[in-house]
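Coordinate inspection notes
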Amino acid sequence: MDEVRNVKNHKVTLNNRGTGVITGVNAVVSFDPAEILLETEQGVLLIKGSDLNVTKLTLEKGEVEIDGRVDSFTYSDMKPKDENGFFHRMFQ
């Protein structure tokens, strides 16, 4: 029997490379001032920049708000294992 999965919409909204809202977030894997790593409905999202901060996290709604200076967004279909694993090293 086919498994039915409830998929949330995923959307990234960024204002002036400084503040943003990401929906369709399943988990915050890690974050620090240089990068934020999120597991989303569309894969793992790596946000790189400077002075990055997660200002609001509402996992019930699958929503994360960020601020700081965003330099890049990178998606991967790989699941993160841990901060010392292959995935984390690949994006450093």
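Throughout, a residue's number is its position along its own chain's written sequence, starting from 1. Reporting in this predicted model follows two pLDDT cut-offs: at least 70 for local features of residues, and 80 or more for side-chain atom pairs to be given and counted; totals over whole chains, interfaces and linings ignore these cut-offs and use all residues. Only hydrogens and water are removed before side-chain values are computed, so all heavy atoms of the structure are retained for them.

This part covers the overall build of the chain. What counts as a helix is a DSSP run of H or I of at least four residues, what counts as a strand is a run of E of at least two, and both are numbered from the N terminus. The helix and strand tally for the chain stands at one helix and six strands. In the chain, the succession of α and β elements from N to C terminus is β-β-β-β-β-β-α. The classification of residues rests on relative accessible area computed with a 1.4 Å probe and restricted to protein chains. Under 20% of the type maximum is buried, over 50% is exposed, and intermediate values are partly exposed. For the chain, with 92 residues in total, the buried portion stands at 36%. Note on definitions: a residue-residue contact is assigned when non-hydrogen atoms from the two residues lie within 4.5 Å. Restricting the contact set of the chain to residue pairs at least 6 apart, pairs at least 24 apart contribute 43%. To be clear on the numbers: accessible area is Shrake-Rupley with a 1.4 Å probe, and residue cover counts the displayed protein chains and nothing else. Of the roughly 6000 Å² that the chain leaves accessible, carbon and sulfur atoms contribute 47%.

Let us look at the confidence of the model for the chain. Every residue gets a pLDDT, meaning the predictor's confidence in that residue, from 0 to 100. Looking at the chain, the pLDDT average stands at 85 and 77% of residues meet or exceed 70. Of all the helices and strands in the chain, helix α1 (residues 86-90) carries the lowest mean pLDDT, 48, while strand β2 (residues 19-23) carries the highest, 97. Contacts from residues 86-92, a stretch scored under 50 in pLDDT, to residues over four places away or in other chains number 18 contacts.

Note on strand geometry: in a regular strand, side chains alternate between the two faces of the sheet. The alternating pattern of β2 places Gly20 and Ile22 on a buried face and Thr19, Val21 and Thr23 on a face that is not buried. Note: strand β1 (residues 11-15) against β2, five bridges, orientation antiparallel. By the bridge assignment, valine 12 is partnered in β2 with isoleucine 22. Two strands qualify as a pair provided that DSSP identifies no fewer than 2 bridges between them. Hairpin connection of β1 to β2: three residues between the antiparallel strands, including asparagine 16 at a positive phi of 55°.

Moving on: the pairing of strand β4 (residues 35-40). With six of six residues buried, β4 is to be regarded as a mostly interior element. Judged by which residues are buried, β4 turns out to be covered on both faces: Glu35, Leu37 and Glu39 on one side and Ile36, Leu38 and Thr40 on the other are all buried. Looking at chain direction, strand β3 (residues 25-32) and β4 are connected through six bridges and run antiparallel. Opposite valine 25, over in β4, you have threonine 40 as the bridge partner. Where β3 hands over to β4, the hairpin turn is made up of two residues, counted between the paired strands. Both β4 and strand β5 (residues 43-58) contribute to a ladder of six bridges, which runs antiparallel. Along β5, the bridge assignment pairs threonine 40 with glycine 43. Linking two consecutive strands that pair antiparallel, namely β4 and β5, is a turn of two residues.

Here we take up the nonpolar core. Side-chain atoms within 4.5 Å are what join buried Ala, Val, Leu, Ile, Met, Phe, Trp, Tyr and Cys residues into a set we call a nonpolar core. Grouped together as the largest cluster of nonpolar side chains are 11 residues: Ile22, Val25, Ile36, Leu38, Leu45, Ile47, Leu52, Val54, Val64, Ile66 and Val70. Broken down by secondary-structure element, the contributors of at least two residues to this core are β4, β5 and β6 (63-76). Among the elements that make up this core, the one with the highest residue count is β5 (four residues). The contacts of isoleucine 22, once residues within four sequence positions are left out, are His10, Lys11, Val12, Leu38, Leu45, Ile47, Gly62, Glu63, Val64 and Ile66.

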